[in-house]
Amino acid sequence: MAPHYERTTVATDLDDLPTDMRAALGAYGLAHQLSLDDALPAWSTRSVNPPSTTMMGKLFRRRANPTDPDSEHQTVVIVHPSHVIVVISGSERGVTVLSTPLAIASITDGPTIGGVGSGETGFTITGLPGDAGWPGSFYVGLGPEPAGRDCAEAVRAAVVAAKNR
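Our subject in this report is the structure included herewith. (Residues numbered from 1 in each chain as written. Predicted model: local features only at pLDDT ≥ 70, side-chain atom pairs only at ≥ 80, totals over all residues. Heavy atoms only, no water.)

### Overview of the nonpolar core
One finds Val77, Phe123, Ile125, Val140 and Val155 to be the most contacted residues of the largest nonpolar core, which totals 21 residues. Put simply, the parts of the chain that give this core at least two residues each are strand 3 (72-79), strand 4 (83-90), strand 7 (122-128) and helix 3 (146-163). Setting aside residues no more than four positions away along its own chain, Ile125 makes contact with Val84, Val86, Thr100, Ser106, Ile107, Gly136, Ser137, Phe138 and Val140. Of all hydrophobic cores here, the second largest spans 13 residues; its members include Met21, Leu34, Val76 and Ile78. (Core = buried A, V, L, I, M, F, W, Y, C linked by side-chain atoms within 4.5 Å. Buried < 20%, exposed > 50% of the residue type's maximum accessible area, 1.4 Å probe, protein only. Helix = DSSP H or I, 4+ residues; strand = E, 2+ residues; numbered from the N terminus. Contact = heavy atoms within 4.5 Å.)

### So, the sheet that holds strand 6 (residues 106-109)
Ordered by their spatial adjacency, three strands build an open sheet running 6-7-8, and the pairing between neighbours is antiparallel. On the outer flanks of this sheet lie strand 6 and strand 8 (136-141), each paired with one strand and no other. For this sheet the average axis-to-axis angle between neighbouring strands, irrespective of direction, equals 25°. Note: strand 6 against strand 7, four bridges, orientation antiparallel. Within strand 7, the position partnered with Ser106 by the bridge is Thr126. (Pairing = 2+ DSSP bridges. Axes fitted to C-alpha atoms, helices over the stretch in contact; angles between N-to-C directions.)

### Side note on the sheet that holds strand 2 (residues 42-48)
Where strands meet in a sheet, backbone hydrogen bonds hold them as pairs that are either parallel or antiparallel. In spatial order, the strands read 1-2-3-4-5; together these five strands make up an open sheet with antiparallel pairing. Two strands in the sheet have a free side with no partner beyond their single neighbour: strand 1 (6-11) and strand 5 (94-101). When the angles between neighbouring strand axes are averaged without regard to direction, this sheet yields 15°. Bridging between strand 1 and strand 2 involves six bridges; their strand directions are antiparallel. Note that in strand 2 the partner of Thr9 across the bridge is Thr45. Together, strand 3, strand 4 and strand 5 form the strand contacts of helix 1 (residues 19-31), whose direction differs from that of strand 5 by roughly 40°. Strand contacts of helix 3: strand 1, strand 2, strand 3 and strand 4, with the helix running at about 40° to strand 3, the strand carrying the most contacts.

### Considerations on the environment of Ala161
Looking at the secondary structure, you find Ala161 in helix 3. On the basis of relative accessibility, which here comes to 40%, the residue Ala161 falls in the partly exposed class. Separated by 59 residues in sequence, Ala161 and Leu102 place their C-alpha atoms 8.6 Å apart.

### What about the environment of His80?
With respect to the helices, strands and loops of the structure, His80 is situated in the loop between strand 3 and strand 4. Sequence separation of His80 and Leu40 is 40 residues, and the distance between their C-alpha atoms is 6.2 Å. The contact partners of His80, leaving out residues within four places of it in the chain, are Leu34, Ser35, Leu36, Leu40, Ile85 and Leu102.

Below you can see the structure in the form of structure tokens.
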């Protein structure tokens, strides 16, 4: 199965984020006592949900991932000294900020939950706040560019370093 999304990943500065994402990130940082500055390593991934290529998808004008309300969305991953932070933004979904301390995070390659599609490039972060006291997971899809690999490697290295201090 082909990936559901067409993705591109680039290194970014927090000051270059769209206004709504910067505002949500700033409010989150204040609420969680996380100092955020432009020097933090960050990557931005633009995910386009293209029209479906199946006969039924074309007939009903669906997208490759029909459960995603957005035709495209942006995901930003930030490696903070103590946390990994993820900011997600889409026109229908709005802006959401998630984080988990590096010392309790776990990183696995690719999606760990079915339904995302094979051929996806990215990683799953586990250790985020979840339901009923259980840790939650979030899949971060990345583009095929070197920046995508750099992002995954930086998050993995930060988690390993935090767990081995």
